[in-house]
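# Secondary and tertiary structure notes
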Amino acid sequence: MAYGAHHSPCLPPHPDLGLARNCEHCLGWGTVVTRDGEHELCRTCQPDPGNDKFGTGPLAQ
């Protein structure tokens, strides 16, 4: 018997596929599945919202 994905009250994250294109960690998807079955952004290729490296963090001006 096949089971579908569990329903989650949270929407899946929206990765930047341009950044994910050549990522070997997420294979170009931009997201990874945790041990708990949750989707989260790939830490290898996706910018961290709190990281100033990509100019999107709280320190970016």
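Here the structure is shown first, and the text comes after it.
All of the points below concern the structure found in this document. No experiment lies behind these values; they were computed from the predicted model shown. (Residues numbered from 1 in each chain as written. Predicted model: local features only at pLDDT ≥ 70, side-chain atom pairs only at ≥ 80, totals over all residues. Heavy atoms only, no water.)

## With respect to the side chain of Gln46
Along the chain, Gln46 turns up in the segment after β2 (39–41). A polar contact is formed between the side chain of Gln46 and the backbone nitrogen of Asp16, at a distance of 2.8 Å. When near neighbours in sequence (up to four residues on either side) are disregarded, Gln46 contacts Pro15, Asp16, Leu19, Ala20, Gly30 and Leu41. (Helix = DSSP H or I, 4+ residues; strand = E, 2+ residues; numbered from the N terminus. Polar contact = N/O pair within 3.5 Å; in protein donor to acceptor, adjacent residues only side chain to side chain. Contact = heavy atoms within 4.5 Å.)

## Digging into the environment of Trp29
Here Trp29 lies in the loop between α1 (17–20) and β1 (31–33). Residue classification places Trp29 among the exposed positions, given a relative accessible area of 63%. Separated by 12 residues in the primary sequence, Trp29 and Leu41 place their C-alpha atoms 9.1 Å from one another. Non-local contacts of Trp29, meaning those with residues more than four positions away in its chain, are made with Pro15, Leu17 and Ala20. (Buried < 20%, exposed > 50% of the residue type's maximum accessible area, 1.4 Å probe, protein only.)

Taken by themselves, the reported measurements are silent on function.
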